[in-house]
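Residues per chain, in single letters:
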Amino acid sequence: MKIIKIILSTTTIISLLAFNVNYTHSAKHHKGQTVTIDGVQVSYDPNAINGGIDLTTEKEKLVAIKTNYTLESKEIYVPFEQQINEYYFGTATASMLTKSINIPQTQQQISNLLEEPSAVTAGKNLSTALNRLLENSKFRFYWEWHNNVNDITTMKTHIVSAIEYGNPVMVNMTEGPGDNYLRGHNIGYSHSIFGLISGFYNYGDRIKYIEPGYGRFSGFVKPQVTTIENLSYATGDRGYVW
């Protein structure tokens with residue numbers, strides 16, 4: 001999740017000092033939209049990273065990893081990037097992710113960041129490495145192992161929550177012959193690949209997936225819309241950065 005520093009108006013600060021009342025977090029460039037998250041009114045800019053929402057206390061950080069499904073759908077612009085070789089699935093996906101939140105890194109820079117010459121490895125080390133890019137900000141990434149393919153609700157909640165607040169989700173999938181869930185992935189052999197979730201529809205029941213292997217591997221589809229169930233099955237025993 002991405003978190004941006006609190007900004008409170010003078011009036012709000014005075015009110016808080018004088019009375020014990022609920023307050024509204026203010027977006028940096030608030031455009032008039034207000035949503036309620038866990039009983040707290042939040043000034044929300046749907047075009048800003050994290051919506052411009054202030055979430056700095058420990059309690060508010062917990063709010064950031066949940067969602068009340070306030071938006072039916074949302075898409076984040078992600079500049080497509082084809083992987084520069086046959087094994088940079090994760091590296092290219094991470095590069096697209098950084099570009100989408102305005103901290104651009106090339107595929108080679110991502111590879112160097114991870115201190116691996118060939119590819120991104122799934123796991124907490126991936127989110128830890130990405131967080132090194134964010135040391136001077138309040139942005140944070142989390143890694144989630146997805147060991148129960150039937151726990152669709154957790155994955156959907158994380159994806160919707162992340163995208164509502166302005167960041168795409170990086171997923172690591174493993175599929176093989178007779179066990180393919182995304183279009184174009186039935187390539188005749190088992191594979192472990194990465195891709196980026198850049199949008200959701202119908203409150204997260206359907207998601208938009210972007211494939212860095214498009215144009216390099218026959219049959220791969222650059223963008224596709226699929227169900228959250230298909231994504232869950234494809235991601236089984238692997239995980240995602242959100």
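A. Molecular detail of the confidence of the model for the protein chain. Across the protein chain, pLDDT averages 77, with 68% of residues at or above 70. Across the protein chain, the secondary-structure element scoring lowest on mean pLDDT is helix α1 (residues 10-18), at 31, and the one scoring highest is strand β7 (residues 206-210), at 97. Confidence drops under pLDDT 50 across residues 1-30; counting only partners more than four residues distant or on other chains, this segment forms 78 contacts. For residues 55-65, every residue scores under 50 in pLDDT, and the model assigns this stretch 30 contacts once sequence neighbours within four places are set aside.

B. Inspection of the packing of aromatic side chains at higher detail. Counting across every chain of the model gives 8 aromatic pairs. Between the aromatic rings of F217 and F220, the centroid separation amounts to 5.3 Å while the plane-to-plane angle is 35°, which identifies the pairing as tilted. No difference in accessibility class separates F217 from F220, as the two residues are buried.

C. Spatial organisation of the nonpolar core. The biggest cluster of nonpolar side chains holds 45 residues, and the ones touching the most others in it are I159, I197 and L231. Looking at this core element by element, the count peaks at 6 residues for helix α6 (residues 152-164). Beyond its immediate sequence surroundings of up to four residues, I159 is in contact with V169, I197, I207, I228 and L231.

D. A look at the pattern of salt bridges. Scanning the model with the defined rule gives 3 salt bridges in all. A salt bridge links K99 to E81; the shortest N-O distance between them is 3.2 Å. You can see K99 sitting in helix α3 (residues 89-100) and its partner E81 sitting in the loop between β3 (74-75) and α3, a full 18 residues away along the chain. Between D205 and K156 there is a salt bridge, with its nearest N and O atoms 2.9 Å apart. In this pair, D205 is assigned in the loop between β6 (191-201) and β7 and K156 in helix α6, connecting sequence segments 49 residues apart. According to the relative accessible area criterion, D205 is partly exposed, its value standing at 30%.

E. Broad picture of helix α5 (residues 124-132). All of the buried residues in α5 are L126, S127, A129, L130 and N131. In this fold, the buried residues of α5 make contact with α3, α4 (107-113), β4 (143-146), β5 (169-175), β6 and β9 (238-241).

F. Spotlight on the pairing of β9. Here β4 runs beside β9; their pairing, made up of 4 bridges, is antiparallel. Along β9, the bridge assignment pairs E144 with Y240. Relative to β9, β5 is paired through 3 bridges, and the arrangement is antiparallel. Residue pairing across strands places M170 opposite V241, the latter belonging to β9.

Conventions used here
Residues numbered from 1 in each chain as written. Predicted model: local features only at pLDDT ≥ 70, side-chain atom pairs only at ≥ 80, totals over all residues. Heavy atoms only, no water. pLDDT = per-residue confidence, 0-100. Helix = DSSP H or I, 4+ residues; strand = E, 2+ residues; numbered from the N terminus. Contact = heavy atoms within 4.5 Å. Phe/Tyr/Trp six-rings, centres within 6.5 Å; stacked < 30°, edge-to-face > 60°. Buried < 20%, exposed > 50% of the residue type's maximum accessible area, 1.4 Å probe, protein only. Core = buried A, V, L, I, M, F, W, Y, C linked by side-chain atoms within 4.5 Å. Salt bridge = Lys/Arg side-chain N within 4 Å of Asp/Glu carboxyl O. Pairing = 2+ DSSP bridges.

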